[in-house]
Amino acid sequence: MRRGPSTVCDLHRPSLSRRGLLAAAAAGTAMGASAGIRRAEAALDGARSNAITPEAALTRLRDGNGRYVANTPANRDFAAGRAARAAAQYPIACIVGCADARVAPDFIFDQGPGDLFVVRVAGNFVTTDGLASLEYGVSVLGAPLILVLGHSDCGAVKATIDVMKTDATLPGHLPVLIDAIRPAVDLAEKARAQDPLAEAVAQNVRHSVRRLQQAGPILAETVAAGRVKVMGGFYDIGTGRVAML
């Protein structure tokens, strides 16, 4: 049967084609997802998981290291928190660690993704770039604790000791490491410790802690106000234990 001529109403009637329906559905889904993300972000901002004292953050690190030493890590479903981590990060501590492949803070302290804001460089000393990263971790991300973590048998500290003894010249940019660690080795030599390397590692950590405590304007202010604590630690690779300095 032939259709009659189209009327004006027919010509202007909205067409709900399959393509149009799919586009509308996709737009609605996108709007719903966007709203869901905004609600999740608002919830996270309303209850920051790192809104804790520096002492509480340190306790979590100590407890985590205890689990690591005992080989009883906390069971985690990493996929479960993936959506929340995509919206924001709230680390409980900033770690200034060594680039040594055997020293992985997330494992050492048995913390999950998003728990630690880590700055690593061979010899775990503070560079200008590293300082800026720590300022970001404290002022923007709200981390209440900074831990400078040295470790046993540190190759960077050992190399500094050797260079200072032999007056050798290293290639490339390696002298930058030596110059940064040299003050700690000087202090260790004055202490006449039985284990010069371990003492130099400890002095290197303490040197960085003092520098961070006094680093203005951001860190010095937060430390003085008691909102952030800067501490040092020594990781024994053989036992897995971290001792606070």
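Data block above holds the structure.
Per-chain numbering applies: the sequence of each chain, read as written, is numbered from 1 onward. In keeping with the model being predicted, local features are shown solely for residues with a pLDDT of at least 70 and side-chain atom pairs are shown and tallied solely at 80 or more, while totals for entire chains, interfaces and linings include all residues. Just so you know, side-chain values use all the structure's heavy atoms and leave hydrogens and water out.

A.B. asks: Help me understand the environment of Val209 in this model?
C.D. replies: Only DSSP runs of H or I with at least four residues qualify as helices, and only runs of E with at least two residues qualify as strands; both kinds are numbered from the N terminus onward. Assignment of secondary structure puts Val209 in helix 9 (residues 196-213). A sequence separation of 60 residues divides Val209 from Leu149, and the C-alpha atoms of the two residues are 9.9 Å apart. The contact criterion used is simple: two residues touch if any of their non-hydrogen atoms lie within 4.5 Å. Not counting the four nearest positions on each side in its chain, Val209 is found in contact with Val148, Val230, Met231 and Gly232.

A.B. asks: How should helix 9 be read in this particular structure?
C.D. replies: Because an α-helix packs 3.6 residues into every turn, residues spaced three or four apart end up facing the same way. In this model, helix 9 (18 residues) spans 26 Å end to end at C-alpha, consistent with the 26 Å of a helix rising 1.5 Å per residue. Throughout, exposure labels follow a simple rule: accessible area from a 1.4 Å probe, protein chains only, divided by the maximum for the residue type, with under 20% read as buried, over 50% as exposed, and the rest as partly exposed. Of the positions making up helix 9, those classed as buried are Leu197, Glu199, Ala200, Val201, Ala202, Gln203, Asn204, Val205, Ser208, Val209 and Leu212. Helix span, expected: 1.5 Å multiplied by one less than the number of residues in the helix.

A.B. asks: Help me understand helix 3 (residues 54-69), please; the structure alone is not making it clear to me.
C.D. replies: Between its first and last C-alpha atoms helix 3 spans 23 Å; for 16 residues at 1.5 Å apiece the expected length is 22 Å, and the two agree. All buried positions along helix 3 are accounted for by Pro54, Ala57, Leu58, Leu61, Gly64 and Asn65. Down the axis, helix 3 shows its buried residues gathered within 125° of arc, on one side only. Looking at the buried side of helix 3, the elements it contacts are strand 1 (93-97), helix 5 (105-108), strand 2 (116-120), strand 3 (145-151), strand 4 (229-235) and strand 5 (242-244). As used here, the arc belongs to the directions running from the helix axis to the C-beta atoms.

A.B. asks: Whenever I open this one, the layout of surface pockets confuses me. Can you help?
C.D. replies: In this approach, a probe sized like a water molecule rolls over the atoms, and the result shows the empty space that is left. Both cavities and pockets are sets of points on a 1 Å grid over the protein atoms alone; in a cavity a 1.4 Å probe fits but cannot get out, in a pocket the set is open with protein on both sides within 12 Å along at least five of seven lines, and lining residues sit with an atom within 4 Å of a point. Grid points are joined across faces, edges and corners, and a volume is the space filled by probe spheres set on the points. A volume near 180 Å³ is recorded for the second largest pocket. If you list the elements that add at least two residues to the lining of the second largest pocket, you get helix 3 and helix 5. Residue composition of the lining of the second largest pocket, by class: five nonpolar, four polar and four charged. Polar here means any residue other than Ala, Val, Leu, Ile, Met, Phe, Trp, Tyr, Cys and Pro, which are nonpolar, and Asp, Glu, Lys and Arg, which are charged; Gly is therefore polar.

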